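For reference, the chains in residue letters:
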Amino acid sequence: MGEREPLTVQELLDVRSLGLQAVVLPHPEIEVTGAHTSEIHEPGRWFDPGNIMLTTGLRLEAEQGRDQVVADLAAAVRRARVSALCFGLGIYFEQVPQELVEACRDAEVNLLTVARDVPFTHVEKYVNALGPVAGDYGMKRAMWLTNDLLDSIASDQPIASLIQRVAANCRGAAMLYEDTGKLVESSGDGPVHLVLQAITNHGVHYEKIGIGRWQVMYRTIVMRGRGYHLAIASRNEQVLAEVGDVLLDTTQKMLGAIKGLQHLDASRRRHENSQLLTSLQDGIEVSRELRYWELVKPFGFESYQPVRSVAAVVLHDGSLGPRRVEMLLASAQRAGVPLLFAENGRSNDIRAGFNALIPDTRQCIAWLGEQCENLAVGLGEASGSLSRIPELLRGAELAAKVALRDTEHQPGGEGLLLRADDLDPATWILARIDSPLDRQRLVRFIAPLRGEPELEDTLVAYLALDQDISRTASQLFVHQNTVRYRIKKAAELLGGNMAEARLVAGLYLSYERRIIDIRNRQRAGSD
């Protein structure tokens with residue numbers, strides 16, 4: 001049997017089962033070579049001469065700029081020599097928008113309507129079975145869908161744009177969920193919560209299910225180590241049968257590409273972020289401050305806004321880990337906290353942790369306080385001068401050192417945040433002692449007491465309890481006169497008396513760790 005001759009537009013109008021009605025018909029004699037549905041932008045370039053284009057008018061939903069949109073559509077259809085524009089009623093519009101009618105009339109484009117109860121697939125199958133396109137129609141449709149979805153990459157919000165285009169192409173709804181159940185993006189009026197519930201109940205990686213009048217196809221996918229559910233839904237089962245597999249396949253690949261690009265961009269920004277912080281910590285000249293304020297602006301900082309250096313150390317010789325770093329950065333982004341961040345401790349001689357720079361605001365400091373689990377965090381003093389960052393960092397590191405000392409032997413991983421501003425002079429001075437020679441001087445100062453444990457224990461308790469004879473006696477279960485004798489004897493061995501500020505200061509520095517331990521036990525007992 002030979003191939004049938006293509007029908008004309010007028011002959012299609014005469015086929016009652018197609019439900020077509022003419023609205024504008026300047027060229028009824030044009031032959032029809034194929035029929036395809038499209039909701040994409042610039043559709044003309046994807047159609048062969050003589051094709052008819054079926055649309056629900058999705059691109060016309062926005063009221064603003066509709067005149068220009070319909071004018072561009074009519075012009076594109078005319079340039080592509082599309083035989084007719086067929087408008088489906090009852091989806092987005094009950095009647096053909098008057099702007100489109102006038103645009104088609106001006107461009108001399110045939111404009112038809114498709115009845116509400118006639119699926120586009122019915123028209124497509126009828127027309128495509130008659131022409132030479134029947135064999136390669138599926139390949140063409142896959143190409144159109146792929147090119148349409150590819151356009152989403154150029155969007156400012158590529159995942160949202162992709163899901164919107166998927167929903168339009170299946171003439172229904174599209175949803176992307178995290179495997180935790182959180183909705184990432186959705187488009188269309190589909191049953192979002194019911195779809196998630198059905199996916200959770202099924203627990204398979206690829207399935208087609210029915211929810212009321214909706215037909216749903218979905219896949220469970222993994223991107224960069226995280227699980228997601230991708231679902232499409234339509235009230236027209238035939239649409240999913242024809243394009244469902246192609247849509248899911250293409251969308252899955254597109255999501256992977258978008259996630260890869262986002263990860264690459266995030267890695268680049270993280271590297272730039274880290275490099276910028278390192279430059280500031282190495283020190284910049286005052287004359288270059290203005291340039292560096294411009295460099296930190298893209299990361300959310302305001303020029304000359306006071307900032308604070310942050311130094312954090314992981315407790316108990318733990319590691320920070322990529323997952324913890326990602327969580328920190330994501331948390332800062334969600335909280336709107338500007339952040340320069342650099343991980344450290346990759347070598348054996350440097351403890352795991354990170355350095356950072358944040359604005360001196362309540363919001364930022366409160367956020368930092370929420371991130372202290374299993375971390376000893378030091379917060380430097382505030383300054384609006386970037387040239388002072390090395391100095392501010394040293395203060396943050398000293399505060400982190402004290403926080404580490406105060407939490408290292410505690411069970412669990414509660415962590416602690418200390419401000420450099422809040423460190424008393426004695427604690428500050430002791431935190432700065434790094435050399436063995438400095439420590440030996442303190443050891444030599446109290447060396448005469450090393451052979452007198454009773455005197456030493458009494459003296460430490462006396463200093464820890466604010467030089468209160470009565471409290472010290474109660475603490476040690478001895479008479480007050482015994483305490484007085486031991487304190488006097490200890491002072492004599494050290495070559496002075498307890499009325500001398502110099503002697504008391506030296507003893508506090510030498511016994512600071514033991515004094516703080518006693519005070520902490522006292523507080524714990526009172527609680």
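Predicted model only: the values in this text are computed from it and were never measured.

Draft legend 1. Summary view of the side chain of Q371. Summarising the element assignment, Q371 is placed in the loop between α11 (362-369) and β14 (375-379). Among the polar contacts listed, one links the side chain of Q371 to the side chain of S331, at a separation of 3.3 Å. With near-sequence residues (within four places) excluded, Q371 lies in contact with R324, L328 and S331.

Draft legend 2. Fine view of the nonpolar core. L459, L463, M498, L507, Y511 and I515 are the most contacted members of the largest nonpolar core, which has 24 residues in total. Listed by contribution, the elements that provide at least two residues to this core are α15 (453-464), α16 (469-476), α17 (480-493) and α18 (501-526). Among the elements that make up this core, the one with the highest residue count is α18 (seven residues). Among residues more than four places away in sequence, those in contact with M498 are L459, Y462, L463, Q467, I487, A491, L503, V504 and L507. Within the second largest apolar cluster, 23 residues are counted, among which are A174, I221, M223 and M254.

Draft legend 3. Structural view of the packing of aromatic side chains. One pass over the full model with this rule turns up three aromatic pairs. With 5.5 Å between their ring centres and 45 degrees between their planes, W293 and Y304 make a pair best called tilted. With W293 in helix α9 (residues 289-296) and Y304 in the loop between α9 and β11 (307-314), this residue pair connects regions lying eleven residues apart in the sequence. Owing to a relative accessible area of 0%, W293 belongs among the buried residues under this scheme. Judged by its relative accessible area of 45%, Y304 is partly exposed.

Draft legend 4. Molecular detail of the sheet that holds strand β5 (residues 111-114). The strand order across the open sheet formed by five strands is β1-β5-β4-β3-β2, and the pairing between neighbours is mixed. Each of the sheet's edge strands pairs with one partner strand only, and the pair in question is β1 (20-24) and β2 (34-37). Adjacent strand axes in the sheet meet at a mean angle of 30 degrees when their direction is disregarded. As judged from the four bridges shared by β1 and β5, these two strands associate in the antiparallel manner. The partner of L20 across the bridge, within β5, is V114. Running over the sheet, helix α4 (residues 120-128) touches β2, β3 (51-55), β4 (84-88) and β5 and is turned about 155 degrees from β2.

Draft legend 5. Summary view of the environment of M217. On the secondary structure map, M217 appears in strand β9 (residues 214-223). A relative accessible area of 5% places M217 in the buried class. Sequence-wise, M217 and L230 are 13 residues apart; in three dimensions their C-alpha atoms are separated by 8.5 Å.

Draft legend 6. Representation of the pattern of salt bridges. Following the criterion strictly, the structure yields 16 salt bridges and no others. Residues D466 and R519 are paired through a salt bridge, measuring 3.5 Å at the closest nitrogen-oxygen approach. Taken together, the residues D466 in the loop between α15 and α16 and R519 in helix α18 connect sequence positions 53 residues apart. The class for R519 is partly exposed, based on a relative accessible area of 25%. In this structure, E500 engages R502 in a salt bridge whose closest nitrogen and oxygen atoms are separated by 3.3 Å. Look at the salt bridges and you will find they share partners, linking R450, E456, D457 and R514 into a network.

Draft legend 7. Representation of helix α13 (residues 425-432). The complete set of buried residues in α13 reads A426, T427, L430 and A431. The arc that holds the buried residues of α13, viewed along the axis, is 130 degrees, so those residues lie on one side.

Draft legend 8. Quick peek at the packing of α15 against α16. Interaxial distance between α15 and α16 falls to 9 Å at its minimum, and their mutual angle equals 130 degrees. When the interaxial angle is binned, α15 and α16 end up oblique. Here α15 and α16 pass one another in a crossing that is right-handed. Along its contact with α15, which presents T458, A461 and Y462, the element α16 presents I469, T472 and L476. Partitioned by chemical class, the residues of the contact of α15 with α16 number four nonpolar, two polar and no charged.

Draft legend 9. Just the sheet that holds β11, in detail. Strand order across the open sheet formed by five strands is β12-β13-β11-β14-β15, with mixed pairing between neighbours. Both edges of this open sheet fall to β12 (340-344) and β15 (416-419), since each of them pairs with a single strand only. Along the sheet, successive strands turn relative to each other by an average axial angle of 15 degrees, direction set aside. Where β11 lies against β14, five bridges are found, and the strand directions are antiparallel. Paired with V310 across the bridge in β14 is L379. Across the face of the sheet, helix α10 (residues 322-335) comes into contact with β12, β13 (353-359) and β14 while running at roughly 170 degrees to β12.

Draft legend 10. Representation of the pairing of β5 in the model. The side-chain alternation of β5 yields two buried faces, one formed by L111 and T113 and the other by L112 and V114. Looking at chain direction, β4 and β5 are connected through four bridges and run parallel. When the sheet's bridge partners are listed, C86 is paired in β5 with L112. You can see the chain leave β4, run along helix α3 (residues 98-107) and come back into β5, and the turn it takes is right-handed.

Draft legend 11. Spotlight on the packing of helix α12 (residues 389-407) against α13. Where α12 contacts α13, the axes come no closer than 10 Å and their chain directions differ by 95 degrees. In this view, α12 runs roughly perpendicular relative to α13, as classed from their interaxial angle. The residues of α13 that touch α12, namely those facing G395, L398, K401, V402 and R405, are T427, W428, A431 and R432. Here the residues of the contact of α12 with α13 are counted per class, giving four nonpolar, two polar and three charged.

Draft legend 12. View of α17. The end-to-end C-alpha separation of α17 is 20 Å, in line with the 20 Å expected for 14 residues at 1.5 Å each. Along α17, the positions that sit buried rather than exposed are V483, R486, I487, A490 and A491. The buried residues of α17 occupy an angular sector of 135 degrees when projected down its axis, which confines them to one face. Opposite the buried face of α17, by more than 90 degrees, sit the exposed residues Y485 and K488. G495, located one to two residues past α17, shows a positive phi value of around 80 degrees.

Here is what the cut-offs are and how they apply
- Residues numbered from 1 in each chain as written.
- Predicted model: local features only at pLDDT ≥ 70, side-chain atom pairs only at ≥ 80, totals over all residues.
- Heavy atoms only, no water.
- Helix = DSSP H or I, 4+ residues; strand = E, 2+ residues; numbered from the N terminus.
- Polar contact = N/O pair within 3.5 Å; in protein donor to acceptor, adjacent residues only side chain to side chain.
- Contact = heavy atoms within 4.5 Å.
- Core = buried A, V, L, I, M, F, W, Y, C linked by side-chain atoms within 4.5 Å.
- Buried < 20%, exposed > 50% of the residue type's maximum accessible area, 1.4 Å probe, protein only.
- Phe/Tyr/Trp six-rings, centres within 6.5 Å; stacked < 30°, edge-to-face > 60°.
- Pairing = 2+ DSSP bridges.
- Axes fitted to C-alpha atoms, helices over the stretch in contact; angles between N-to-C directions.
- Salt bridge = Lys/Arg side-chain N within 4 Å of Asp/Glu carboxyl O.
- Arc of directions from axis to C-beta.
- Parallel < 35°, antiparallel > 145°, perpendicular 65-115°, else oblique.
- Left-handed = near helix turned anticlockwise from the far one by under 90°.
- Nonpolar A, V, L, I, M, F, W, Y, C, P; charged D, E, K, R; others polar.
- Right-handed = clockwise from strand over helix to strand, strands pointing away.
- Expected span 1.5 Å × (residues − 1).

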